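# Residue-level structural notes
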Amino acid sequence: MSWLLAGIGLIMTAGLSGLLAGRQGGGGEKPACALLLAGTLLAGGGIAGALAGKLEASLRLPWPVPGGELALGIDGISALFLFPLLLIAAAGSLFGLGYWTRRHHPRGGRRLRLFYGLITAAMLLLLVARNGLLFLVAWEIMALSGFFLITTEEHKGEARRAGLIYLAATHTGTLALFALFALLEQAAGSFAFPAGGTLAAGGAPLFLLGLAGFGLKAGLMPLHIWLPGAHAAAPSHASALLSGAMIKTGIYGLVRLSSFFAEIPPWWGWTVLALGALSGVLGVVLALAQHDIKRLLAYHSVENIGIIALGLGIALLGRSHQVPELVLLGIGGALLHVVNHGLFKSLLFLSAGSLIHATGTREIDQMGGLLRRQPWTGVCFLGGAVAICGLPPFNGFVSEWLIYLGAFRALRQGPLALQLAAMVAPALALIGALALACFVKVFGIAFLGEPRSDGALKAREAGPAMRWPMALLFGACAWIGLLPWTLAPLLQRAALDWSPLAAAVSLAAPLAPLHWVGLGGWLLVLALAGCGGWLAGHSRRAPRDVATWGCGFARPTTRMQYSASSFADFLAGLFRCGLLTERHGGRVEGLHPGPAELSTHTPDAVLDRVLLPASGKLAWLFTWLRAVVQNGRVGLYLLYLILTLLALLGLVLLT
Amino acid sequence: MTIARLLLHLFLLLTFAPLLQGVIARTKARFAGRSGAPLLQPYYDLARLWRKGFVFSRTTTWVFLAGPVTALVVPLLASLLVPFGALPAPFSFDGDLILFVYLFGLARFFTATAALDTGSSFEGMGAAREVTFACLAEPTVLFALIVLARVSGGLSLNTLLGPGLAAGWQTAGASLGLVAVCLFLVLLVENSRIPFDDPNTHLELTMIHEVMVLDHSGPAFGLILYGSAMKLMVLGAPLVRLLLPWQSGNLLLDALVFLAGMLALAVLVGVVESSMARLRLVRIPQVLVGTTLLSMFALVLVLR
């Protein structure tokens, strides 16, 4: 534990070195990165040691805050959140050396590194906190540091707006969490986290408050309003940390909260399942309609949170109906997807960062042909794309496979109500197919074809400081995809920590096919490599100097290629009632039409369609009320005084 | 024993897959009143493509070759998970059906990206259509698998399509019938057959799968043709098993029954192709959503 604390201390102070360094020069870039890396190594060693039983796994120290206690602990659940967090933070910090150099971004670089360390340390603390007050303190540090990361480029209006919405959303969530922990204190007797499975039933308000507070952080639809703007506005390695790790703290909160209860009513599981399916499908459909690469990736976070919620819902239903296999598969799948999404989403954000760095734009339609110019970035992005679509042989498949297996097992046991949980499988299939469509679009439009703009034409491969972190995350994704059984013990341990019910099932049996999944991945890789190597060798001497056949059109231009919007148009049309894409222009008229323009824009389904108009109306209402009440006539103010006094008099007389 | 079964599986697949294409073409020719190409024409085509050289556009990268490679490797690997009639799959484990479905997802990913690699609008169009229709077909497949899993009580393709199927027809015949219809429609979509797509058309604006592979040539195109022939066989195998749920225990007899079933399926595909026109593009999503509803209905029947 002391190792972990030392690591947290190092990470927290990593950015301070930048403040001490002078305004000129590197601004303490390298020392900050080195401190952060050292901190992650220390913390990682501490966690691994605690899990292996070599170091103590819990710590209690007095804290002069009323009701508070510095209670820390590491268990299977925490570990599954901690390891990806450390990896992402380290990779992002290294990436930042090349991506956000002092030379190119003289403003805000020091602040970025300070809050990058601070948010990492706060998340580490939050994940090991075993006391409600400590948890809230860490939560707030994390939330505020997140705000400063999002507004790194505060001179841009878009970043300020995203930061403001984020701040409002996160504090609404914190409000719910205050109420949650106050109620939890009443139920458990102290602010210390109750042991697993000790709280009696009747936690409906607790569950709903938790769902609101943690759901807002996690980005569950329809509480995802802050997420797309925030992820798009932050620098890419900060987005990787926000999307890969920070939104998972919401999932962690839900998992931890649900572990306290002895009994879980079935409607909890169904609520989580319904929200998960909604987030999954709508998240990916909204992503499909985007053409800003980072906004698109942000919507995919909503989708993946939905997949995680589907797994969690199955596990909750398994606990309500006392089916241990469902508990193990559901929570195992959900937690593994937490890890996986952390890895492949940060990989995608980092490679998107490399693209943006090279081309200077976030618009997919301005890119093209980048695989030739950025081969490393391209391969890393392709790996992340295959992983996020849940395709073998990468890690996304393994966790989705566990959730599928849970859905199919629900069919075999239990009452009819539980069997309906099998509907998760078609929902997941739809989500997966849509994600595939979306990533074919992104990879195909951004990396393949011909460059669509000058920026894309002049793009150069990223430097080693940016390439290595991507390669590291790529390796981690491939590792979980090809050797999935190495994680089985940790998953079983986390399932046991979450619910003692999981102990009832022979732990090895439901996870045994993981060996087969790994073997399938190896076979696939070997067959593809063999066949591909042969074909590549065979075709080496083939001529490559002809243009793509353009249907006889004499002077094709690169603007004639399919664009991101045209690729998604058919699918977006099928979901038009959920998307309501706005189209401007695009009509050509007459026999000899002149130039025409078409632009499409898909606003957020909740924020732009519901919340902003509604709050605009509310603001107008209150402005009007204020104008009526406070209109500047002194006589009227005196009347208010007299009326108030009369009301008080009446109150006194009545009581 | 596993090795022997593995070899038999691969032998059946590699040898007979192109024959099915020949049977379909011959059936269509007969319906049109022509004598048609020889049954073995697909083999000749493959051999001819094998000897040819490559032509590459200067826009393309290595991804352009990844498409044909996955299109060949994926049906090969997927065939190891699916029983060929009464011959059980060489590899079988709980949840292999998900791997089966997702392997084809991988093939679709790379076929579509390889199409986009040429930078041609036509191939972009085909790729967009392919991934769109897959979104609508995928839930149907999962619903069908859920029905089968519910009827058989298993989680691997070997149990789903195992000896219990014959008894399943007695208890849940209506559901299995609906599932068979759905699987047939999915087979037509996935293998780009009329009424969803026309493998013989040469009008790029209406094509789906064919337009995606328009720029492939030589052995790479051969891999694609061979891969799609194997895909028809691998995706048809569950359907044939569903409709012929008996086994004799004799290896040779079972293999012959399976092949006869596959040939009958090929004739059926040919008949459908000859007797129907291609659907308008906007109608295809409606048909696919209808198929999904049909498979949901099958699930409702079996859950009640």
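Residues numbered from 1 in each chain as written. Chains lettered and ligands numbered in written order. Predicted model: local features only at pLDDT ≥ 70, side-chain atom pairs only at ≥ 80, totals over all residues. Heavy atoms only, no water.

## Brief notes about the overall build of chain A
Each helix and strand in chain A was counted, giving 27 helices and 4 strands. Taken against the 2.2 N^0.38 rule, which gives 26 Å for 655 residues, the C-alpha radius of gyration of chain A at 26 Å falls within 12% of a compact globule. Taking all 655 residues of chain A together, 57% fall into the buried category. In chain A, 80% of the contacts between residues at least 6 apart in sequence involve partners at least 24 apart. Taken as a whole, chain A presents about 25300 Å² of accessible surface, with 68% of it coming from carbon and sulfur. (Helix = DSSP H or I, 4+ residues; strand = E, 2+ residues; numbered from the N terminus. Rg over C-alpha atoms; globule rule 2.2 N^0.38 Å. Buried < 20%, exposed > 50% of the residue type's maximum accessible area, 1.4 Å probe, protein only. Contact = heavy atoms within 4.5 Å. Areas by Shrake-Rupley, 256 points an atom, 1.4 Å probe, with all protein chains shown as cover.)

## Looking at the overall build of chain B
Looking only at helices and strands, chain B features 11 helices and 0 strands. Written out in order from the N terminus, the α and β elements of chain B read α-α-α-α-α-α-α-α-α-α-α. Taken over C-alpha atoms, the radius of gyration comes to 19 Å for chain B, in line with the 19 Å a tight globule of 304 residues would show. For the C-alpha atoms alone, the extent of chain B along its principal axes is close to 55 × 45 × 40 Å. Long-range contacts, defined as pairs at least 24 residues apart, comprise 80% of the intrachain contacts of chain B with a sequence gap of at least 6. Summed over all atoms, the accessible surface of chain B reaches about 10800 Å², with 69% contributed by carbon and sulfur. Charge centroids of chain B, computed over 19 positive and 15 negative side chains, lie 6 Å from each other. (Lys, Arg positive; Asp, Glu negative; His and termini not counted. Charge placed at Lys NZ, Arg CZ, Asp CG, Glu CD.)

## With respect to the interface of chain B and chain A
The interface is formed by 74 residues belonging to chain B together with 71 residues belonging to chain A. In this assembly, chain B packs against chain A so that about 6500 Å² is buried in total across both faces, 78% of it on carbon and sulfur atoms. Broken down residue by residue, the surface that chain B buries against chain A is led by Arg58, Tyr102 and Phe109 of chain B, which jointly contribute 12%. Our enumeration of links across chain B and chain A arrives at 15 residue pairs in polar contact (both at pLDDT 80 or more). Within the residue set of the side of chain B that touches chain A, elements represented by two or more residues are helix H3 (63-79), helix H4 (96-116), helix H5 (121-152), helix H9 (218-243) and helix H11 (283-303) of chain B. Looking at the side of chain B that touches chain A element by element, the count peaks at 21 residues for H5 of chain B. (Buried area = accessible area lost by both parts, 1.4 Å probe. Polar contact = N/O pair within 3.5 Å; in protein donor to acceptor, adjacent residues only side chain to side chain.)

## Thoughts on the nonpolar core
Membership of the largest hydrophobic core comes to 328 residues, with the highest contact counts inside it found for Trp226 and Phe408 of chain A together with Phe109 and Met233 of chain B. In terms of residue count, the dominant contributor to this core is helix H13 (residues 324-359) of chain A (20 residues). (Core = buried A, V, L, I, M, F, W, Y, C linked by side-chain atoms within 4.5 Å.)

## Focus: the packing of aromatic side chains
Where two aromatic rings form a pair, the distance of their centres and the angle of their planes describe that pair. By the definition in use, this model includes 34 aromatic pairs over all chains. Taking 5.5 Å as the distance between ring centres and 70 degrees as the angle between the ring planes, the aromatic pair formed by phenylalanine 394 of chain A and phenylalanine 474 of chain A counts as edge-to-face. On the criterion of sequence distance, the pair formed by phenylalanine 394 of chain A in the loop between helix H15 (375-388) and helix H16 (395-412) and phenylalanine 474 of chain A in helix H20 (residues 464-482) is long-range, its members being 80 residues apart. Residue classification places phenylalanine 394 of chain A among the buried residues on the basis of a relative accessible area of 12%. Ring centres of tyrosine 404 of chain A and tyrosine 102 of chain B lie 5.7 Å apart, and the angle between their planes is 75 degrees; this geometry places the pair in the edge-to-face category. You can see tyrosine 404 of chain A sitting in helix H16 and its partner tyrosine 102 of chain B sitting in helix H4, one on each of two chains. What makes tyrosine 404 of chain A buried here is its relative accessible area of 0%. These aromatic residues form a ring-pair network of at least three members: Phe135, Trp139, Phe181, Phe193, Phe214 and Phe260 of chain A. Just above the ring of tryptophan 498 of chain A sits the side chain of arginine 319 of chain A; from NZ or CZ to the centre is 4.7 Å. (Phe/Tyr/Trp six-rings, centres within 6.5 Å; stacked < 30°, edge-to-face > 60°. Lys NZ or Arg CZ within 6 Å of the ring centre and 35° of its normal.)

## Brief notes about unusual backbone geometry
Residue proline 393 of chain A is bonded to the preceding proline 392 of chain A through a cis peptide linkage, with omega at 5 degrees. Summarising the element assignment, proline 393 of chain A is placed in the loop between H15 and H16. Put simply, isoleucine 194 of chain B and proline 195 of chain B share a cis peptide bond, and its omega is 10 degrees. The topology assignment puts proline 195 of chain B in the loop between helix H7 (165-190) and helix H8 (209-212). Unusually for a residue other than glycine, glutamine 322 of chain A sits at a positive phi of about 60 degrees. Position of glutamine 322 of chain A among the secondary structure elements: in the loop between helix H12 (293-320) and H13.

## Quick look at the UniProt feature "transmembrane region" (unreviewed entry) in chain B
The feature "transmembrane region" (unreviewed entry), as given by UniProt, occupies residues 62-85, 97-116, 131-153, 165-189, 220-244, 251-272 and 284-303 of chain B in the numbering adopted here. Helix makes up 96% of residues 131-153 of chain B and strand 0%, with an end-to-end C-alpha separation of 32 Å. (UniProt positions renumbered as here; feature names shortened; annotations may be inferred.)

## Structural notes on the confidence of the model for chain B
Parts of the prediction with low pLDDT should not have their coordinates interpreted in detail. The share of residues in chain B with pLDDT of 70 or more is 98%, and the mean pLDDT across the chain is 89. Interface confidence in the predicted complex, given as ipTM, is 0.94; pTM for the same model is 0.93. (pLDDT = per-residue confidence, 0-100.)

## Let's talk about a nonpolar patch on the surface
Residues and elements named next belong to chain A. Taken together, the side chains of Leu618, Trp620, Leu621, Phe622, Trp624, Leu625, Val628, Val629, Tyr637 and Tyr640 define a hydrophobic patch exposed on the protein surface, amounting to about 970 Å² of accessible area. When residues of the nonpolar patch are traced back to their parent elements, those giving at least two are helix H26 (607-629) and helix H27 (634-654). With 8 residues, the single largest contributor to the nonpolar patch is H26. Mapped onto the secondary structure, phenylalanine 622 falls in helix H26. (Patch = residues over 30% accessible without salt bridge, like charges linked within 9 Å, V, L, I, M, F, W, Y side chains within 5 Å. Salt bridge = Lys/Arg side-chain N within 4 Å of Asp/Glu carboxyl O.)

## Notes on the side chain of histidine 216 of chain B
Within the secondary structure, histidine 216 of chain B sits in the loop between H8 and H9. When neighbours within four sequence positions are excluded, histidine 216 of chain B is seen to be in contact with Phe64, Pro68, Ala114, Phe221 and Ile224 of chain B.

## Comments concerning the pattern of salt bridges
Residue and element names in this part refer to chain A. Taken as a whole, this structure holds 17 salt bridges over all chains when the rule is applied. Linking arginine 60 and glutamate 69 is a salt bridge whose minimum nitrogen-to-oxygen distance equals 2.8 Å. The exposure class of arginine 60 is exposed, given its relative accessible area of 54%. Measuring nitrogen to oxygen at the nearest pair gives 3.0 Å for the salt bridge that ties glutamate 325 to arginine 409. Taken together, the positions of glutamate 325 in helix H13 and arginine 409 in helix H16 put the pair 84 residues apart, joining distant regions of the chain. When sorted by exposure, glutamate 325 lands in the same class as arginine 409, which is buried. Among the ionic contacts, a cluster of salt bridges with common partners joins Asp75, Arg130 and Arg256.

## Here we look at the environment of arginine 108 of chain B
Relative to the helices and strands, arginine 108 of chain B resides in helix H4. For arginine 108 of chain B, a relative accessible area of 4% corresponds to the buried category. It is 8.6 Å that separates the C-alpha atoms of arginine 108 of chain B and threonine 70 of chain B, two residues lying 38 residues apart in sequence. Beyond its immediate sequence surroundings of up to four residues, arginine 108 of chain B is in contact with Leu436 of chain A together with Glu130, Val131, Ala134, Glu138 and Glu190 of chain B.

## Regarding the packing of helix H23 (residues 514-538) of chain A against H3 of chain B
Packing of H23 of chain A against H3 of chain B brings their axes to within 9 Å, and their N-to-C directions diverge by 135 degrees. If you check the angle between H23 of chain A and H3 of chain B, you find them oblique. Relative to H3 of chain B, the crossing made by H23 of chain A is right-handed. For the pair H23 of chain A and H3 of chain B, the contacting residues are Leu523, Leu524, Ala527, Leu528, Cys531, Gly532, Leu535 and Ala536 of chain A in the first and Leu65, Val69, Thr70, Leu72, Val73 and Leu77 of chain B in the second. Across the contact of H23 of chain A with H3 of chain B, the residue classes tally to 12 nonpolar, 2 polar and no charged. (Axes fitted to C-alpha atoms, helices over the stretch in contact; angles between N-to-C directions. Parallel < 35°, antiparallel > 145°, perpendicular 65-115°, else oblique. Left-handed = near helix turned anticlockwise from the far one by under 90°. Nonpolar A, V, L, I, M, F, W, Y, C, P; charged D, E, K, R; others polar.)

## Looking at helix H18 (residues 424-447) of chain A
Residues and elements named next belong to chain A. The end-to-end C-alpha separation of H18 is 33 Å, in line with the 34 Å expected for 24 residues at 1.5 Å each. By the criterion of burial, H18 is predominantly enclosed, with 24 of the 24 residues buried. One or two residues past the end of H18 sits glycine 449, with phi positive at roughly 75 degrees. (Expected span 1.5 Å × (residues − 1).)

## Describing the packing of helix H4 (residues 76-99) of chain A against helix H21 (residues 488-498) of chain A
All names here are of chain A. Between H4 and H21, the shortest axis-to-axis distance is 7 Å and the interhelical angle comes to 130 degrees. It follows that H4 is oblique to H21 by the angle criterion. On H21, the residues that touch Gly76, Ile77, Ala79 and Leu80 of H4 are Leu490, Leu491, Arg493, Ala494, Asp497 and Trp498. A per-class count over the contact of H4 with H21 returns 7 nonpolar, 1 polar and 2 charged.

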